[in-house]
Amino acid sequence: MKRLAPVLLFFALTFTACAGGNTQNSDKSAEIDTTSEKDRIIPAADQLSAYLPLLKGKKVGLMGNQTSVVGEEQEHLVDVLLRENVDLKFAFAPEHGFRGDIERGEKVDNTVDKKTGLTLHTLYGENAKADSIVGSVDVMIFDLQDVGARFYTYVASMHRVMQLCANQGKKVIVLDRPNPNGDQVDGPVRKDDKFKANISYHKIAMIHGLTVGELAKMINGEGWLDGGKPCDLEVIPVKNWDHSTPYELPVVPSPSLPNYPSVRLYMSLCLFEGTDISIGRGTDWPFQVVGYPDPVFGEFTFTPGTRPGMAAHVEQQDNLCYGIDLRDVDAVNEKFTLKYLLDFYNKMPDKSQFFARPEFFDKLAGTDELRKQILAGKTESEIRDSWAEDLKSYKEMRAKYLMYADFE
């Protein structure tokens, strides 16, 4: 029997704002904006010449976090903008906070960034002053690294920024980044607003296959802002990337997605959040191990504990869990599947206890049909057949907004 004892190590989330800000070479912009490396994927944030002219003489707000980095040196966008004398007034922080060290669902406060003195506001949850805050600037920049799942809440934050800018007549510039799961479109499409939540904000496939820039265009084009009124939107595209290109994130996007395998497995394992099955939160391998306190689930064992900056609410905390080890999965070829979920459901001795939080599961799935199908004993093939037509319609809509060559 393989057993992993919990260890107390934890990856550090680094934030580079103000790192040598006043000692940078005056040619730093040119270095970052180099496009001679034909094979290097160049996110929009690296392309200073594409967006700095749009900010000249403007009061600017930013929606960003620790993923808002520029260049191979991963200098924070805030440092770059301030060095380039951009009149940056504030930043909005999404779920997980501006530095990415706040776990799922935890409160994100209005505060000040200690490294730059920049005023920070939250858009995770309600903020009664958000309209007036956006009204104080001329243009908003959105630069967050999404991971391609409808239940990843950064896209809900983008929608709110777009709505605020539409309300106030302000411009939104989306600095696009690759989708590390952009090589797939899968899962149920949310149709009923009964299941609308931060984790299921848009009527899109659960694995949506869009970059944030493509989704922003869809939000505008499909009339999803209030009254169908679009915002003034400009998307700066990624260079040298398409939907078939694997992309390993240079920065941890949130505390429980520490590496490429976890980002790829997240598509399939996040549905476990509607159960009491552990998916490794509180270990050094979140979204890479799955288990429950019963030997029926497998020989591999681990014990969820606590980790600084990670989940405050840990499923099966301090309980020895039995299950599966996915840390060595072939991440590039790993795609969304129901096999892990169905396997654990089928092994659960008391199946009535499996969906511990059914309403939350339904919001993750964007429907209650998936849960009902699992309870009815449907196979993965049968379940997939049930959402095939909705996926076909979604793909037709998606095709109108693609900015990069597709994977199929």
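This one's a predicted model, so the numbers in the text were calculated from it and none came from an experiment. In this numbering scheme, every chain counts its residues from 1 along its sequence in written order. Given that this is a predicted model, residues contribute local features only at a pLDDT of at least 70 and side-chain atom pairs are listed and counted only at 80 or more, while totals for whole chains, interfaces and linings are drawn from all residues. As a convention, hydrogens and water are excluded, and side-chain values are obtained from all of the structure's heavy atoms.

Undergrad: Report on helix 11 (residues 380–399), specifying residues and quantitative values.
TA: When the local axis directions of helix 11 are compared, the greatest deviation, roughly 45°, occurs at Ala388. Each residue gets one of three labels from its accessible area relative to the maximum for its type: buried under 20%, exposed over 50%, partly exposed in between, using a 1.4 Å probe on protein chains only. Secondary structure is summarised from DSSP: a helix means a run of H or I of at least four residues, a strand means a run of E of at least two, and numbering begins at the N terminus for each. For helix 11, the set of buried residues is Glu380, Ile383, Trp387, Leu391, Tyr394, Met397 and Arg398. Packed against the buried residues of helix 11 are strand 10 (186–189), strand 11 (205–207), helix 6 (212–221), helix 8 (339–347) and helix 10 (369–375). The reported bend at a residue is simply the angle between two axes, fitted to the 7 residues ending at it and to the 7 residues beginning with it. Residue contacts are counted whenever heavy atoms from the two residues lie within 4.5 Å of one another.

Undergrad: Hey, could you go over the pattern of salt bridges for me, with residue numbers and the actual values?
TA: What counts as a salt bridge is simple: a side-chain nitrogen of Lys or Arg found within 4 Å of a carboxyl oxygen of Asp or Glu. Evaluated as defined, the whole model comprises 24 salt bridges. Across the salt bridge formed by Arg40 and Asp46, the nearest N and O atoms sit 3.4 Å from each other. Each member of the pair, Arg40 as well as Asp46, carries the same accessibility label: buried. Put simply, Arg40, Asp46 and Glu72 are held in one network by salt bridges that share partners.

Undergrad: Give me the lowdown on the packing of aromatic side chains, citing residues and values where you can.
TA: Two aromatic rings from Phe, Tyr or Trp, using only the six-membered ring of Trp, form a pair when their centres are within 6.5 Å; if the ring planes differ by under 30 degrees the pair is stacked, by over 60 it is edge-to-face, and anything between is tilted. For the structure on display, the rule yields 15 aromatic pairs. A ring pair is formed by Trp241 and Tyr404, whose centres lie 5.3 Å apart and whose planes are at 75°; its orientation type is edge-to-face. Taken as a pair, Trp241 in the loop between strand 12 (232–236) and helix 7 (260–269) and Tyr404 in the segment after helix 11 lie far apart in primary sequence, 163 residues in all. Judged by its relative accessible area of 6%, Trp241 is buried.

Undergrad: Now, about the pairing of strand 8 (residues 139–143): what can you tell me, with residues and values included?
TA: Within strand 8, 5 of the 5 residues are buried, which leaves the element mostly enclosed by the surrounding structure. Covered by surrounding structure in strand 8 are Val139, Ile141 and Asp143 together with Met140 and Phe142, the residues of both alternating faces. For two strands to be treated as a pair, DSSP must find at least two bridges joining them. Alignment of strand 2 (residues 59–64) against strand 8, held across 5 bridges, turns out to be parallel. Across the sheet, Leu62 pairs through a bridge with Ile141, a residue of strand 8. Bridge count between strand 8 and strand 9 (residues 171–175): 4 bridges; the pairing is parallel.

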